Amino acid sequence: MVLCFLIHTLCPVAGLPPGGSRVLFSRVFGPEDAALDGPGPELGPEERRLLQKEKLAVVARQVRSACALQREATGRPAVEAVQGEESAALQEAEGGVLRLGAGDPFPGGGCVLWLAVQAVGFALVCHPHENLLLGESCLRGLARICLENLRMLAPGNEVVLKSDRIEAALHRLLPHGQLLFLNHRFAQILDKDLAAYMAK
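Residues numbered from 1 in each chain as written. Predicted model: local features only at pLDDT ≥ 70, side-chain atom pairs only at ≥ 80, totals over all residues. Heavy atoms only, no water.

Some points on the pattern of salt bridges
No. 1: As enumerated under the stated definition, the model contains seven salt bridges in all.
No. 2: The partner of arginine 140 in a salt bridge is glutamate 136, and the shortest N-O contact between them spans 3.9 Å. With a gap of four residues between them, arginine 140 and glutamate 136 both fall in helix 3 (residues 132–150), about one helical turn apart.
No. 3: Classification of arginine 140 as partly exposed rests on a relative accessible area of 29%.
No. 4: Arginine 144 is the partner of aspartate 191 in a salt bridge, and the nearest nitrogen-oxygen pair spans 3.0 Å. Remark: arginine 144 occurs in helix 3 and aspartate 191 occurs in helix 5 (residues 184–198); sequence separation between them is 47 residues.
No. 5: A relative accessible area of 27% means that arginine 144 is categorised as partly exposed. (Salt bridge = Lys/Arg side-chain N within 4 Å of Asp/Glu carboxyl O. Helix = DSSP H or I, 4+ residues; strand = E, 2+ residues; numbered from the N terminus. Buried < 20%, exposed > 50% of the residue type's maximum accessible area, 1.4 Å probe, protein only.)

Things to note about the state of the cysteines
Note on terminology: disulfide describes a covalent bond linking the sulfur atoms of two cysteines.
No. 1: Here the structure, examined in full by the defined rule, presents zero disulfides.
No. 2: Between cysteine 111, a cysteine without a disulfide, and cysteine 126, which holds the nearest cysteine sulfur, the sulfur-to-sulfur distance is 7.1 Å.
No. 3: Under the relative-accessibility criterion, cysteine 111 is labelled buried at 1%. (Disulfide = S-S within 2.5 Å.)

Things to note about the pairing of strand 5 (residues 120–126)
Moving residue by residue along a regular strand, the side chains alternate between the two faces of the sheet.
No. 1: The element strand 5 is extensively covered by neighbouring structure, given that seven of its seven residues are classed as buried.
No. 2: Where burial is concerned, the two faces of strand 5 agree: the one with Val120, Phe122, Leu124 and Cys126 and the one with Gly121, Ala123 and Val125 are both buried.
No. 3: Note: strand 1 (residues 2–9) against strand 5, seven bridges, orientation antiparallel. Pairing of isoleucine 7 across the sheet is with phenylalanine 122, part of strand 5.
No. 4: Inspection of the sheet shows strand 4 (residues 110–117) paired to strand 5 by seven bridges, in the antiparallel sense. (Pairing = 2+ DSSP bridges.)

Structural notes on the packing of helix 4 (residues 163–173) against helix 5
No. 1: Where helix 4 contacts helix 5, the two axes come as close as 11 Å, and the packing angle between them is 160°. Here helix 5 runs roughly antiparallel to helix 4, going by the angle between their axes. Considering only the axes of helix 4 and helix 5, their crossing is right-handed. Mapping the contact onto sequence places Asp164, Arg165, Ala168, Ala169, Arg172 and Leu173 in helix 4 and Leu190, Asp193, Leu194, Tyr197 and Met198 in helix 5.
No. 2: When the residues that make up the contact of helix 4 with helix 5 are grouped by side-chain class, the tally is seven nonpolar, no polar and four charged. (Axes fitted to C-alpha atoms, helices over the stretch in contact; angles between N-to-C directions. Parallel < 35°, antiparallel > 145°, perpendicular 65-115°, else oblique. Left-handed = near helix turned anticlockwise from the far one by under 90°. Contact = heavy atoms within 4.5 Å. Nonpolar A, V, L, I, M, F, W, Y, C, P; charged D, E, K, R; others polar.)

From the geometry alone we can't say anything about function, so treat these as descriptive.
This is the structure we're talking about:
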């Protein structure tokens, strides 16, 4: 089961402290507020929303840190892509796995699968026992769909205004937070279905 999916920034953003990251899109799966369950006082709706927002920001900052360390270690700085070269940018993307301890920030812990495509980060937070190879395949598929259909690497792109299209991709590739085993033929059918939806 997947706890959440995030799209966030990896480069410095005006108005954020050094090392900060802005969450551009997030989707939490499972029962309402499942990511917030745990000991503690009863919270109102606004406090729960703010706590969930902060937990997602913690994941985004950890991914940004891991990506910066990996780029520094390999000596490969992020290179700006030209519009239309999204698939090449995805092939050169850095990626990795982070282990989250219990309570850091989710009560049951988890694994973060991340992918860094230039200045945009994609992260999938899974339960600790989840199939990571299947999760990586799903994450790469979601990133490819977002990059190719939404032109996320284009300057001035507003991801927030295209959240319905990202939700459509999540609904098909990650229904209710469940990772799917997709054979090549079924993946092609899903791609055609999504392409038809994105063209609307």
